[in-house]
Amino acid sequence: MSFLLPPYPVIFGQIAMFLVVLLGLVHAAAGMVWVERKEAARMQQRVGPTRVGPFGLLQPFADVLKLMFKENLKPGAADTLLFYLAPLVCATTAFAAFSVVPIGPATTLLGLLDEPMKLQVADVNVAVLVVFAIASMGVYGIVLAGWASNSKYSLLGGLRSSAQMISYELSYGMSLVGVLILANSMSLTEIVDAQGASLLGIPHARWYIFLQPLGFLIFLTAGIAETNRAPFDFPEAEQELVAGYHTEYSSMTFALFFLAEYINMVTVSAVATDLFLGGWYFPFVPPSWGIGWLIFLAKVGALLFFYVWIRWTLPRYRYDQLMTFGWKILLPASVINLIATAAGVLYFGL
Amino acid sequence: MTLFYLFAALAVVSSLLVIAQRNPIYSVLLLIASFGALSGLYVLLEAPFAAVIQIIVYAGAIMVLFLFVVMLLNAPQEDTEYDVRVHPLMRPGPLKFGAALAVLLAVELVWALSSAPPASAFGPLPEITVTTIGRTLFTTYAFPFEVTSLLILVAMVGAVLMARREEHSGERGKR
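Rules of the game
Residues numbered from 1 in each chain as written. Chains lettered and ligands numbered in written order. Predicted model: local features only at pLDDT ≥ 70, side-chain atom pairs only at ≥ 80, totals over all residues. Heavy atoms only, no water. Helix = DSSP H or I, 4+ residues; strand = E, 2+ residues; numbered from the N terminus. Buried < 20%, exposed > 50% of the residue type's maximum accessible area, 1.4 Å probe, protein only. Contact = heavy atoms within 4.5 Å. Rg over C-alpha atoms; globule rule 2.2 N^0.38 Å. Buried area = accessible area lost by both parts, 1.4 Å probe. Salt bridge = Lys/Arg side-chain N within 4 Å of Asp/Glu carboxyl O. Polar contact = N/O pair within 3.5 Å; in protein donor to acceptor, adjacent residues only side chain to side chain. Nonpolar A, V, L, I, M, F, W, Y, C, P; charged D, E, K, R; others polar. Core = buried A, V, L, I, M, F, W, Y, C linked by side-chain atoms within 4.5 Å. 1 Å grid on protein atoms, 1.4 Å probe; cavity = no way out; pocket = protein on both sides within 12 Å on 5 of 7 lines; lining within 4 Å. Points joined across faces, edges and corners; volume = space filled by probe spheres on them. Expected span 1.5 Å × (residues − 1). Bend = angle between axes of the 7 residues up to and from the residue. Lys, Arg positive; Asp, Glu negative; His and termini not counted.

Engineer: So what's going on with the overall build of chain B? Residues and values would help.
Structural biologist: Tallying secondary structure elements over chain B gives seven helices and zero strands in all. Moving toward the C terminus, one meets the helices and strands of chain B in the order α-α-α-α-α-α-α. Classification of the 175 residues of chain B by burial places 19% in the buried group. Considering only residue pairs separated by 6 or more positions, chain B has 56% of its internal contacts joining residues 24 or more positions apart.

Engineer: Help me get a handle on the overall build of chain A, residues and values and all.
Structural biologist: Along chain A, the regular secondary structure elements total 12 helices and zero strands. The linear arrangement of helices and strands in chain A, starting from the amino end, is α-α-α-α-α-α-α-α-α-α-α-α. On C-alpha atoms alone, chain A measures out to a radius of gyration of 21 Å, which is about the 20 Å that the 2.2 N^0.38 rule sets for 350 residues. Its C-alpha atoms give chain A principal-axis dimensions of roughly 60 × 60 × 45 Å.

Engineer: Residues and numbers for the interface of chain B and chain A, please.
Structural biologist: Taken together, the contact pairs 23 residues of chain B with 22 residues of chain A. When the two sides are added together, the surface that chain B and chain A hide from each other amounts to roughly 2000 Å², 81% of it contributed by carbon and sulfur. At the surface where chain B touches chain A, the tally comes to zero salt bridges. Across the chain B-chain A interface, the total number found is two residue pairs in polar contact (both at pLDDT 80 or more). For the side of chain B that touches chain A, the secondary-structure elements that each account for two or more residues are helix 2 (24-44) and helix 3 (48-73) of chain B. Among the elements that make up the side of chain B that touches chain A, the one with the highest residue count is helix 3 of chain B (15 residues). Grouping the amino acids of the side of chain B that touches chain A by side-chain chemistry returns 19 nonpolar, three polar and one charged.

Engineer: I'd love a proper account of the nonpolar core, names of residues and values included.
Structural biologist: Counting residues in each nonpolar core, the largest one holds 105 residues, and the members touching the most others are A:F219 and A:L275. If one sorts the elements of this core by residue count, helix 4 (residues 127-148) of chain A sits on top with 17 residues.

Engineer: Hey, could you go over the pattern of salt bridges for me, with residue numbers and the actual values?
Structural biologist: Residues and elements named next belong to chain A. As enumerated under the stated definition, the model contains two salt bridges over all chains in all. Of the charged contacts, one joins E36 and R311 as a salt bridge, the two residues approaching to 3.4 Å between their closest N and O atoms. In this pair, E36 sits in helix 1 (residues 10-43) while R311 sits in helix 11 (residues 292-313), placing the two residues 275 residues apart along the sequence. Classification of E36 as buried rests on a relative accessible area of 3%.

Engineer: Describe in detail the layout of surface pockets, supporting the description with residues and values.
Structural biologist: In this structure, the largest pocket occupies an estimated 2500 Å³ of space. If you go around the largest pocket, you meet 48 residues; those closest to its centre are A:M174, A:V177, A:M186, B:F49 and B:I53. At the level of secondary structure, the elements contributing two or more residues to the lining of the largest pocket comprise helix 4, helix 5 (152-183) and helix 12 (319-348) of chain A together with helix 3, helix 6 (130-138) and helix 7 (142-174) of chain B. Of the residues that constitute the lining of the largest pocket, the class distribution is 34 nonpolar, 11 polar and three charged.

Engineer: Please set out helix 12 of chain A residue by residue, giving values where relevant.
Structural biologist: Residue and element names in this part refer to chain A. With 30 residues, helix 12 ought to run about 44 Å at 1.5 Å a step, and its terminal C-alpha atoms sit 41 Å apart, in line with that. F325 marks where helix 12 bends most, by close to 35°. For helix 12, the secondary structure elements touched by its buried residues are helix 5 and helix 8 (213-226). One or two positions beyond helix 12, positive phi appears at G349, with a value near 60°.

Engineer: Now, about the side chain of A:K299: what can you tell me, with residues and values included?
Structural biologist: Residue and element names in this part refer to chain A. For K299, the position within the fold is in helix 11. It is D274 that comes nearest to the buried, bridge-free K299 among opposite-charge side chains, at 8.1 Å. In this view, K299 contacts W207, T273, L277, G278, G279, Y281 and F282; residues no more than four positions away in its chain are not counted.

Engineer: If you had to explain the environment of A:V101 to someone new, which residues and values would you point to?
Structural biologist: Residues and elements named next belong to chain A. Residue position: V101 is located in the loop between helix 3 (80-97) and helix 4. Overall, V101 belongs to the buried group, its relative accessible area being 1%. Sequence spacing of V101 and Q120 is 19 residues, and the spatial spacing of their C-alpha atoms is 6.0 Å.

Engineer: So, helix 3 of chain B: which residues are in play, and what are the values?
Structural biologist: Between its first and last C-alpha, helix 3 of chain B extends 36 Å over 26 residues, near the 38 Å set by a 1.5 Å rise per residue. Along helix 3 of chain B, the largest kink reaches about 35° and is centred on B:M63. Where the residues of helix 3 of chain B are buried, they touch helix 4 and helix 5 of chain A together with helix 2 of chain B.

Below is the structure:
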């Protein structure tokens, strides 16, 4: 019966990892809903949810239960196939994008496994691009939802979304090319490991946020626009468009859009952590302590909190301001950042 | 090999459906599916970079614009009884043209298969990385690369010019 005892084959760890990421994303989304409501309440001098569970912690689960028992409505003139395909596209791409994001260094899980396992679902050597490719598929869910609903508010939301995503995808992509040049790799694991070097004598502090401050700002701004969050939440601007692309959705089809939005936030934060914030490295904490994944989760949590903070602090832009900002400020800034980084690597060997 | 046939079949069937059905939105979506299948073929050829770029550029950026235009135009359905009864591909003109194309394709296939050198296995391929692609693109293929970018620039200038002219004539009309 030796196969019942550790070390187990590494495949068990990978299956467990897959389940952890899947369930972790769902619960991260639920947790974010709670944080969002609590924080919004705090900023508006309310108390927020308090009734379900301690501190209202179980509120998101109560919400999901409520949504499950709601009737699923469909407008009579809607395109049935696309109407139901759209939320699936949104949710699937949101989950899939996280599959190539590493959340910690390779580990044997305290000797449970026979060989070290990478803490990510799939290790791809063009991981950065895969995240982009899948995220760029996510916009179809929103556009199709807008079109298939056959409602003018939904259609306007869908059109706005596609225009916004196209405008910001360029700066989003350009902003991280600087990191790719510095790390000389497209694998997220290798990029994180490159940030484990020392900077100015401080060990594990060569984070790219210090070498690429402009790149990080552009990435974060464009990331907020890509995930349709305030102050760039035009696809669902409720004062003008009711609820934008998901106006006509109810019950669990609506819940899928909601889930996708929060998972996309988690993915953008995780990618930003891997690319700019040193991933699982922290100054003076040697990797041998084995708490890399905790550091990673803490950084992602901080970025997610920043998301909520921004949403309840800044008012929404005007639509023409959004376009002007994207094309005339963000894109030139990312080009300048790229050229400066390339020159720095070429002439000063950064 | 199973995967190859799966992706190939997906690409062929979805490409056929792009022209075989009428709703332009579905055509755009099927074209995206076809691009996805193509990208799967690139993965099987051990070219992950090309596969991902295929998705980002074609499926992600260009097709969003296509969808955008189709949705904005929102082509009204003005089908006559004849239009409904007879599929566009089944009308006399397209039928003749299609038949001619099919004959041409068959002749070409026979010619290509009969005159092709016997198949031989490839040697081991060098690993294709982003570095090698970038290096060849900016050394060996620098000229075609630059010419292509010039072409795209011309197209952009043309589009801007056409948009500007419309605006101009509109102003004159007001006066």
